[in-house]
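# Structural characterization, general
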Amino acid sequence: MNDVVIIGGSFAGLAAALQLGRARRKVIVLDTGRPRNRFAGHSHGLLGHDHKPPLDILVEARQQLARYPSIRLVNARAESVSGAIDDFCVVTDDNESLKARRLILSYGIVDQMPDVLGFAESWGTSIVPCPYCDGFEVAGQHWGLVWSGPQSHQSARLFHDWTDKLTVFADGHDIPSDIQADLTHRHIPVVDGRIVEIAHHKDHITTVILDTRRNVAVDILFAHPRNKPSASLHQSLGLVTMDTPTGIVLKVDERRQTTMPGIYAAGDLTTPFLPSVTQASSQGAMAGIFAQQSMLV
Ligand SMILES: Cc1cc2nc3c(=O)[nH]c(=O)nc-3n(C[C@H](O)[C@H](O)[C@H](O)COP(=O)(O)OP(=O)(O)OC[C@H]3O[C@@H](n4cnc5c(N)ncnc54)[C@H](O)[C@@H]3O)c2cc1C
């Protein structure tokens, strides 16, 4: 019997494993090697690892975990989960059945690319979601923001700390008149029409092509496509989720336990606001510690 099976071995899952390994608990980490930021050339904002390729950070983390004999890293997908506290069973796509007393879910989320020509190809380079992650490198340049709902108003206000050249693309949304007035007051032009194509020239230079036949060039485009959890294991377990403007996250308590005893969760799968590598690592570490403390005799 393992103490913990961790499903998803990226920033959150490996941080959980590190704490559990240091506490000499027997841990298996299952991972399919597709972290959300794998499209980005560099990861920013993680203390000690700023401006490093995200996959390099993860390779280094895995190498460091090799010090801990009770941690086993497995390249496999968790296909199903059953059981209850002290007696969970995870079955992998290699048909391995893994027993564990506790589970940590850290399988992250998938950004769902809109059906717009060139969007997916530009994701992570000239189309990005987060100014804290990618804003510094393009500060002062011409930014575009794809409107995705009322929450985009806050993005428009936020971006002013990086640039005073912002264009909003309504992309078919009916932006309320009071918000339109505020954008005008801030000298932020709003371009009507639906985006039909993104012409990606090279890093950070994009032309937004609209169904009105207008083309608008920007240096970088910020967008918040809808996302969904990378797996549906939480659904089969009946775990409670919460809605956010872009998708759902798992509900966890202050000890990172989900609504099912013995199942903990961390990372983007649980983060409704400003998900980041720093948050995922911190939450993963705490999930590992709380899972371990729940097994004390
Ligand atoms: C374009 C882009 C750029 C970003 N840049 C930054 C940045 O500069 N700085 C920053 O702090 N944040 C950045 N982020 C956010 C960052 O990527 C996430 O916050 C972070 O990756 C979340 O870590 P996580 O461990 O929760 O999930 P993830 O890193 O997404 O990892 C989840 C892991 O679970 C695995 N998995 C999924 N399903 C299964 C399964 N069934 N069985 C086993 N394994 C499974 C996946 O393969 C993956 O390895 C960026 C995000 C995007 C989209």
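See the structure shown above.
Here is a short report on the structure shown in this document. (Residues numbered from 1 in each chain as written. Predicted model: local features only at pLDDT ≥ 70, side-chain atom pairs only at ≥ 80, totals over all residues. Heavy atoms only, no water.)

### Regarding the environment of R256
Worth spelling out the cut-off: Per the convention used, a helix needs a DSSP run of H or I reaching at least four residues, while a strand needs a run of E reaching at least two, with both numbered from the N terminus. A 1.4 Å probe rolled over the protein chains alone gives each residue an accessible area, and that area as a share of the maximum for its type sets the label: buried under 20%, exposed over 50%, partly exposed in between. For this analysis, residues touch if any pair of their heavy atoms sits within 4.5 Å.
By secondary structure assignment, the location of R256 is in the loop between strand 18 (247–250) and strand 19 (263–265). Owing to a relative accessible area of 12%, R256 belongs among the buried residues under this scheme. When the C-alpha positions of R256 and G288 are compared, they lie 9.2 Å apart, and in sequence the two are 32 residues distant. Beyond its immediate chain neighbours, meaning those up to four positions away, R256 contacts I263, Y264, A265, A266, T270, Q283, M286, A287 and F290.

### Thoughts on the site of the ligand
Worth spelling out the cut-off: The near set for a molecule or strand comprises every residue that places at least one heavy atom within 4 Å of it. Pairs of N or O atoms are called polar contacts if they sit within 3.5 Å, as long as, within protein, a hydrogen donor faces a hydrogen acceptor (for residues adjacent in sequence, only side-chain-to-side-chain pairs). The nonpolar class holds Ala, Val, Leu, Ile, Met, Phe, Trp, Tyr, Cys and Pro. Asp, Glu, Lys and Arg form the charged class, and all remaining residues, Gly among them, are polar.
Of all residues adjacent to the ligand, which total 35 residues, the nearest are S10, D31, T32, R34 and H44. Within the backbone of G33, an N or O atom sits 3.2 Å from an oxygen atom of the ligand. Among the secondary structure elements, those contributing two or more residues to the shell around the ligand are helix 1 (11–22), strand 2 (27–31) and helix 8 (277–293). Along the lines of polarity and charge, the residues of the shell around the ligand split into 16 nonpolar, 13 polar and six charged.

### Regarding the packing of aromatic side chains
We apply this condition: Between 30 and 60 degrees the pair is tilted, below 30 it is stacked and above 60 it is edge-to-face, where a pair is any two Phe, Tyr or Trp rings, Trp via its six-membered ring, whose centres lie within 6.5 Å.
By the definition in use, this model includes six aromatic pairs. Pairing F159 with F222 gives two aromatic rings, centres 4.8 Å apart and planes at 50 degrees, and the pair type is tilted. With F159 in helix 5 (residues 151–159) and F222 in strand 15 (residues 220–222), the pair connects residues that are 63 residues apart, well separated along the chain. Ring pairing ties together the aromatic residues Y132, W143, F159, W162 and F222, which thus form one cluster.

### Some details on unusual backbone geometry
Its identity as a non-glycine residue notwithstanding, R24 has a phi of 65 degrees, on the positive side. Tracing the backbone through its elements, the reader meets R24 in the loop between helix 1 and strand 2. Look at D171: it is not a glycine, yet its phi comes out positive at around 50 degrees. Looking at where D171 falls in the secondary structure, it is placed in the loop between strand 10 (166–169) and helix 6 (177–185). With relative accessibility at 19%, the residue D171 sits in the buried group.

Spatial relationships are all this shows, so hold off on functional conclusions.
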